Amino acid sequence: MTDTYEQLQQYAKDHTSRESESLQFIVKATAEELQYDDMLSGRQVAGLLRLLIQTGNLKQILEVGMFTGYATLSMAEVLPEGGRITTLEMNTLYKSVAERAFSKSGLADRIEIIFGNARETCVSLEGGLDLIFLDADKQYYPEYYKILKPKLTSGGLFVIDNVFWHGGVLEPSDRKSRAIDELNNMIAKDDEMETVMLDIRDGITISRKKPAKPISD
Ligand SMILES: C[S@@+](CC[C@H](N)C(=O)[O-])C[C@H]1O[C@@H](n2cnc3c(N)ncnc32)[C@H](O)[C@@H]1O
């Protein structure tokens, strides 16, 4: 990566809206209690999700991979009236940080955490989802896409994080790179979806389920 590219990445972060105190709490607690915070989606990705939710008036949200709840709470802060976020996570330590933050924020009643292996818990979820944020279990990305796409409303959005896998998708040689590259190809060729891949952070795809065309006589 060139110096200029890295500087522009920093410049983009510096010119993105600041986060709330509750989100700052998550960033701090994650760094202090876990000593690693590189899985946090951060202001740019979460900021994009917030704008999508607000401009599309999206109400039923699913997140696969909550970690310490940064994107979850960020989305909950801008949910329209009657909106709800379901988030899937399997790590108790991450869940405890998130739960504390949700409770402090006063928005816990908008969030349902389903604890367990998302590959299993996602199967029985109800449909009618307006936005799905896929951010976990990278080697199974194609499977999540196949299971979850039917649960998306017509016009709903599939948002997928880490679609570059730190450059691994250019010459996929490990399981995660291969799986992510497989999903990237699958979604780009899917005529039922309108897709754009953006080079924000580690790459993010936004894909909209096209409304079905009315059958003409
Ligand atoms: C990249 S982090 C998610 C970051 C989060 N969306 C955010 O905004 O900060 C991925 C998370 O997925 C969780 N995860 C990975 N595989 C999983 C699985 N099979 N079922 C449930 N959670 C899983 C990990 O424990 C981790 O917390």
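Nothing here was measured: the structure is a model prediction, and the numbers come from that model.

### Some thoughts on the site of the ligand
Next up, step 1: In the neighbourhood of the ligand, 21 residues make up the surrounding shell, with Ser41, Gly65, Glu89, Ala118 and Asp135 lying closest.
Next up, step 2: Note that an oxygen atom of the ligand is positioned 2.6 Å from one of the side-chain N or O atoms of serine 41.
Next up, step 3: Separating a nitrogen atom of the ligand from a backbone N or O atom of glycine 65 is a distance of 2.8 Å.
Next up, step 4: Surface burial for the ligand is 91%, taken as the share of its 600 Å² of free accessible area covered by protein chains.

### Focus: the sheet that holds strand E2 (residues 84-89)
Next up, step 1: One open sheet accounts for 7 strands, arranged E3-E2-E1-E4-E5-E7-E6; its pairing is mixed. The open sheet terminates on both sides in strands that have one partner only, identified here as strand E3 (111-115) and strand E6 (193-198). The mean inter-strand angle of the sheet, taken between neighbouring strand axes irrespective of direction, is 15 degrees.
Next up, step 2: Sheet topology places E6 next to strand E7 (residues 204-209); 6 bridges connect them, and they run antiparallel. The partner of leucine 198 across the bridge, within E7, is isoleucine 204.
Next up, step 3: Along the sheet face, helix H5 (residues 92-105) touches E2 and E3 and points at about 170 degrees away from the line of E3.

### Quick notes on the nonpolar core
Next up, step 1: Grouped together as the largest cluster of nonpolar side chains are 34 residues, with contacts concentrated most on Leu49, Ile61, Leu73, Met75, Leu131, Phe133 and Val159.
Next up, step 2: Sorting the residues of this core by element identifies helix H2 (21-34), helix H3 (42-56), helix H4 (70-76), H5, strand E4 (129-134), strand E5 (152-161) and E7 as the ones contributing at least two each.
Next up, step 3: Take this core: its biggest share by element is 6 residues, from H3.
Next up, step 4: Contacts of leucine 131, omitting those with residues within four sequence positions, involve Leu49, Leu52, Ile53, Leu58, Gln60, Ile61, Leu62, Leu152, Leu157 and Val159.

### A look at the side chain of asparagine 117
Next up, step 1: Its place among the elements puts asparagine 117 in the loop between E3 and helix H6 (118-121).
Next up, step 2: At 3.0 Å, the side chain of asparagine 117 forms a polar contact with the backbone nitrogen of arginine 119.
Next up, step 3: The residues contacting asparagine 117, other than those within four sequence positions of it, are Met90, Asp137 and Tyr144.

### So, the environment of phenylalanine 158
Next up, step 1: Following the sequence through the fold, phenylalanine 158 ends up in strand E5.
Next up, step 2: In sequence terms phenylalanine 158 and proline 211 are 53 residues apart; their C-alpha atoms lie 14 Å from each other.
Next up, step 3: Apart from the residues within four sequence positions on either side, phenylalanine 158 is in contact with Ile132, Leu134, Tyr144, Tyr145, Leu148, Lys149, Leu152, Met193, Thr205, Ile206 and Ser207.

Rules behind the numbers
- Residues numbered from 1 in each chain as written.
- Predicted model: local features only at pLDDT ≥ 70, side-chain atom pairs only at ≥ 80, totals over all residues.
- Heavy atoms only, no water.
- Near = heavy atom within 4 Å.
- Polar contact = N/O pair within 3.5 Å; in protein donor to acceptor, adjacent residues only side chain to side chain.
- Areas by Shrake-Rupley, 256 points an atom, 1.4 Å probe, with all protein chains shown as cover.
- Pairing = 2+ DSSP bridges.
- Helix = DSSP H or I, 4+ residues; strand = E, 2+ residues; numbered from the N terminus.
- Axes fitted to C-alpha atoms, helices over the stretch in contact; angles between N-to-C directions.
- Contact = heavy atoms within 4.5 Å.
- Core = buried A, V, L, I, M, F, W, Y, C linked by side-chain atoms within 4.5 Å.
- Buried < 20%, exposed > 50% of the residue type's maximum accessible area, 1.4 Å probe, protein only.

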